[in-house]
Each structure stands twice: as structure tokens, then as C-alpha cells.
Amino acid sequence: MKKQEDQNQEFSMLRLYWQHFTRNKLAVIALVYLLTIYILAMLTPLIAPYEPDAISLGDKFITMSREHLLGTDQLGRDIFTRLLYGARISLAVGFVSIIIAMFVGTLIGIVAGFFGKWVDVILMRFTDGMLSIPLFFLLLTALTVFNRSLFIIMFFIGLSRWMTPARVVRSEVLKNKNEEYVLASRALGAGPIRIMFKHLLPQAIPSMLVAASFGIAQAILIESALSYIGLGIQPPMPSWGNMLLDAQSFIYIAPLLAIYPGILIFITVLAYNAVGDGLRDALDPYTVSANKELGT
């Protein structure tokens with residue numbers, strides 16, 4: 001009976017979060033866009049009309065047509081196909097790298113916040129030190145030394161973005177670790193691992209979701225910048241960043257080659273930021289509790 005009541009309460013809170021999120025129309029539109037582009041990216045092998053690296057020099061710079069919806073590039077490759085495959089790469093880099101960042105940041109943040117004292121001092125000063133380093137140049141150095149494979153790019157972007165999640169999780173742990181339910185769990189003999197991951201970590205999830213949405217947007221921008229300067233995703237594998245790199249030599253002949261991936265990068269990053277703003281407002285405990293009391 002108690003378990004059923006808890007489940008009903010959780011469902012009620014989720015419905016309240018969703019109702020508040022949907023009040024932000026821009027965030028809803030952004031979420032629909034992101035879901036659409038992720039679905040298209042997952043279905044790319046089924047819906048793409050051509051192979052992404054299929055070269056046809058006789059079909060260079062073809063404009064929009066029934067055979068080529070968005071035309072072709074300087075090698076006769078179908079732009080629509082390459083944008084779809086580029087979405088798979090760019091979105092995957094953003095998603096996987098932020099998972100790595102959240103994993104590392106969560107571990108450091110929860111340990112620092114829970115144990116405090118010298119553990120907190122050492123971990124947070126290390127975090128502050130990492131924040132003071134020009135991380136883009138650190139990425140350039142790392143990718144110059146190591147093989148620039150897709151996994152290596154995801155890994156190093158993730159390792160360059162863990163500091164913000166660490167600080168977010170630490171602040172949530174510090175706010176909740178002296179609450180009565182934590183003290184009761186400690187009194188009943190629960191160990192540090194159980195308290196950290198069963199009681200404290202769930203309280204940080206709303207803030208982590210907001211940080212993750214902004215982090216994915218930043219990761220996509222970083223990957224695009226790295227690919228644009230030739231240190232990211234390597235041809236013939238397409239990404240939105242290296243499509244911009246390929247297009248720069250033909251900006252006056254065929255400006256649409258740069259406009260298409262540039263617009264997708266801009267809209268996708270803007271959409272993640274809009275969803276992050278919507279989540280931040282919807283998951284704000286003060287706003288949610290106020291709405292709940294008002295019955296709205």
C-alpha cells in the first residue's frame with residue numbers, strides 16, 4: 001500500500017513537472033524539433049537516398065531537384081544524405097560526451113559534497129584548476145597527440161566538460177545531506193555508498209538534467225569547431241562541422257553548402273538551450289510547490 005502511494009505521488013509530481021514545462025511554448029517547440037531530428041538520425045540508413053560518400057563528379061553543384069532534394073556538393077555527393085549522416089555523428093558526439101562528463105562530474109561532486117572537509121577542498125580546488133585552463137586548446141593538444149577517431153573525440157570532449165556537473169551535484173548534496181531522511185538513514189545503519197546513491201543522488205537529478213541539456217549544446221559546438229579546423233571528425237565520415245570545412249572554398253560558388261549545416265548547428269544548439277531553460281523553470285522546486293499549493 002505504501003509503495004503504491006509513493007508511485008502515485010511520483011506520477012503526480014511528474015505530471016506537474018510536465019504541465020509546467022509545456023507552458024513554455026518555445027521549449028515545447030524545441031523539444032519537438034530535437035525528437036524529430038533524433039528520429040531522422042536513427043532512421044538515416046532507411047531514409048537516406050544515397051550513400052554519404054558516393055562521389056559522382058558529373059553531378060557537381062546540382063541545385064535542388066527530385067533526385068537531390070538539397071542539391072549536390074563539389075564532388076557530386078547528395079547534400080541531404082550527408083546532412084542526415086552528419087546529424088548522426090554530431091548528435092552522437094554531443095550525447096555520448098555529455099554522458100561521460102556527467103559520469104565523471106557526478107562521482108567527483110557527490111564525493112566532495114558528502115565527505116566535505118579536506119576531501120571537498122582537494123576535489124573542488126582541482127575542479128577550479130580545470131576551469132581555469134583554456135579547455136579548447138587542451139582539446140586541440142590532446143587530439144593532435146592521439147588518434148582522432150570518433151570515440152577519442154567523444155571521450156576528450158566529455159573529459160573537458162565534467163566540471164560544471166561536478167559543481168552542480170556538489171551543491172545539491174550539500175543542500176540535502178543534513179535533511180531528516182538522510183540522518184534517519186544514517187541512524188538505521190546505511191553506509192556512505194547507499195546514502196549517496198539512493199538518497200542524495202536522486203535529489204540532484206533535476207539539476208543534472210538541466211546541466212546536461214546545456215552541456216550537449218556546448219559539446220555539439222565544440223565538435224563542430226574541431227571538425228571545422230580539421231581536428232574533429234575526419235572525412236569521408238560527414239559531420240556538420242567538416243561539411244562547413246568542405247564548403248568554405250566554395251562559399252561564393254555554392255553558398256548553400258555552408259548554409260545548410262550552419263543552420264542545423266544553430267537551430268540544434270538553440271533548441272537544446274531552450275529545452276534547458278524550460279527544464280530549469282519546470283523543475284524549480286519553489287515554482288512547482290507554489291503551483292501545487294495553488295492547484296495549477
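In this report, we go over the structure that sits alongside the text. (Residues numbered from 1 in each chain as written. Predicted model: local features only at pLDDT ≥ 70, side-chain atom pairs only at ≥ 80, totals over all residues. Heavy atoms only, no water.)

As a further point, take the overall build of the protein chain. Of the regular secondary structure elements, the protein chain holds 13 helices and zero strands. Written out in order from the N terminus, the α and β elements of the protein chain read α-α-α-α-α-α-α-α-α-α-α-α-α. Counted over contacts in the protein chain with a minimum sequence separation of 6, partners at least 24 positions apart contribute 70%. Surface accessibility of the protein chain: about 16,100 Å² in total, with carbon and sulfur atoms responsible for 68%. Of the charged side chains in the protein chain, 23 are positive and 20 negative; the average position of the first set lies 6 Å away from that of the second. (Helix = DSSP H or I, 4+ residues; strand = E, 2+ residues; numbered from the N terminus. Contact = heavy atoms within 4.5 Å. Areas by Shrake-Rupley, 256 points an atom, 1.4 Å probe, with all protein chains shown as cover. Lys, Arg positive; Asp, Glu negative; His and termini not counted. Charge placed at Lys NZ, Arg CZ, Asp CG, Glu CD.)

To continue, consider the pattern of salt bridges. Counted under the stated rule, the structure contains nine salt bridges. With a closest N to O distance of 2.8 Å, Arg77 and Asp73 form a salt bridge. What makes Arg77 buried here is its relative accessible area of 7%. Residue Arg280 is joined to Asp277 by a salt bridge in which the shortest nitrogen-to-oxygen separation is 2.6 Å. Remark: Asp277 and Arg280 occur in helix α12 (residues 256-282); sequence separation between them is three residues, near one turn of the helix. Using a relative accessible area of 28% as the deciding quantity, one classes Asp277 as partly exposed. (Salt bridge = Lys/Arg side-chain N within 4 Å of Asp/Glu carboxyl O. Buried < 20%, exposed > 50% of the residue type's maximum accessible area, 1.4 Å probe, protein only.)

Here the focus is the packing of aromatic side chains. One pass over the full model with this rule turns up six aromatic pairs. Here Phe126 and Trp162 contribute two aromatic rings whose centre-to-centre distance is 5.7 Å and whose plane-to-plane angle is 20°, an arrangement assigned as stacked. Of this pair, Phe126 sits in helix α5 (residues 117-132) while Trp162 sits in the loop between α7 (150-159) and α8 (163-176), and the two are 36 residues apart along the sequence. A ring pair is formed by Phe146 and Phe156, whose centres lie 5.2 Å apart and whose planes are at 40°; its orientation type is tilted. Of this pair, Phe146 sits in the loop between α6 (135-145) and α7 while Phe156 sits in helix α7, and the two are ten residues apart along the sequence. Here a set of aromatic residues connected by ring pairs shows up, and it is made of Phe146, Phe151, Phe155 and Phe156. (Phe/Tyr/Trp six-rings, centres within 6.5 Å; stacked < 30°, edge-to-face > 60°.)

The subject of this paragraph is empty space enclosed by the protein. Within this structure, the stated rule accounts for two cavities of 30 Å³ or more. Considering only enclosed or pocket space, the largest cavity measures out at about 90 Å³ in volume. Taken together, Asp73, Gln74, Arg77, Ile79, Arg82, Met243, Asp246, Ala247 and Leu257 make up the lining of the largest cavity. If you list the elements that add at least two residues to the lining of the largest cavity, you get α4 (79-115) and α11 (240-247). Residue classes in the lining of the largest cavity are distributed as four nonpolar, one polar and four charged. (1 Å grid on protein atoms, 1.4 Å probe; cavity = no way out; pocket = protein on both sides within 12 Å on 5 of 7 lines; lining within 4 Å. Points joined across faces, edges and corners; volume = space filled by probe spheres on them. Nonpolar A, V, L, I, M, F, W, Y, C, P; charged D, E, K, R; others polar.)

Once that is clear, we can look at α11. Judged by how many residues are buried, α11 sits mostly within the fold: six of eight residues are covered. When we look at burial in α11, the residues that qualify are Trp240, Gly241, Asn242, Met243, Leu244 and Ala247. Elements that come into contact with the buried residues of α11 comprise α2 (25-42), α4, α10 (192-228) and α12.

It is worth spelling out the side chain of Glu172 at this point. With respect to the element layout, Glu172 can be found in helix α8. If we skip the residues at most four places from it in the chain, Glu172 touches Gln203, Ala204 and Ser207.

A cis amide bond links Pro235 with the next residue in sequence, Pro236, at an omega value of 5°. Relative to the helices and strands, Pro236 is located in the loop between α10 and α11. Despite not being glycine, Phe61 has its phi angle at roughly 55°, a positive value. Among the residues examined, Phe61 registers a relative accessible area of 28% and is labelled partly exposed. With a phi angle near 50°, Lys117 is a residue other than glycine that sits in the positive phi range. By secondary structure assignment, the location of Lys117 is in helix α5.

To continue, consider the nonpolar core. Core analysis: the biggest nonpolar cluster contains 50 residues, and Leu83, Trp162 and Trp240 have the highest contact counts within it. Those elements that place two or more of their residues in this core are α2, α4, α5, α8, α10, α11 and α12. Of all hydrophobic cores here, the second largest spans 16 residues; its members include Ile157, Ile222, Leu231 and Ile233. (Core = buried A, V, L, I, M, F, W, Y, C linked by side-chain atoms within 4.5 Å.)

This brings us to the environment of Leu26. In this structure, Leu26 sits in helix α2. Classification of Leu26 as exposed rests on a relative accessible area of 58%. Each C-alpha atom, one on Leu26 and one on Leu40, is 21 Å from the other, the two residues being 14 residues apart in sequence.

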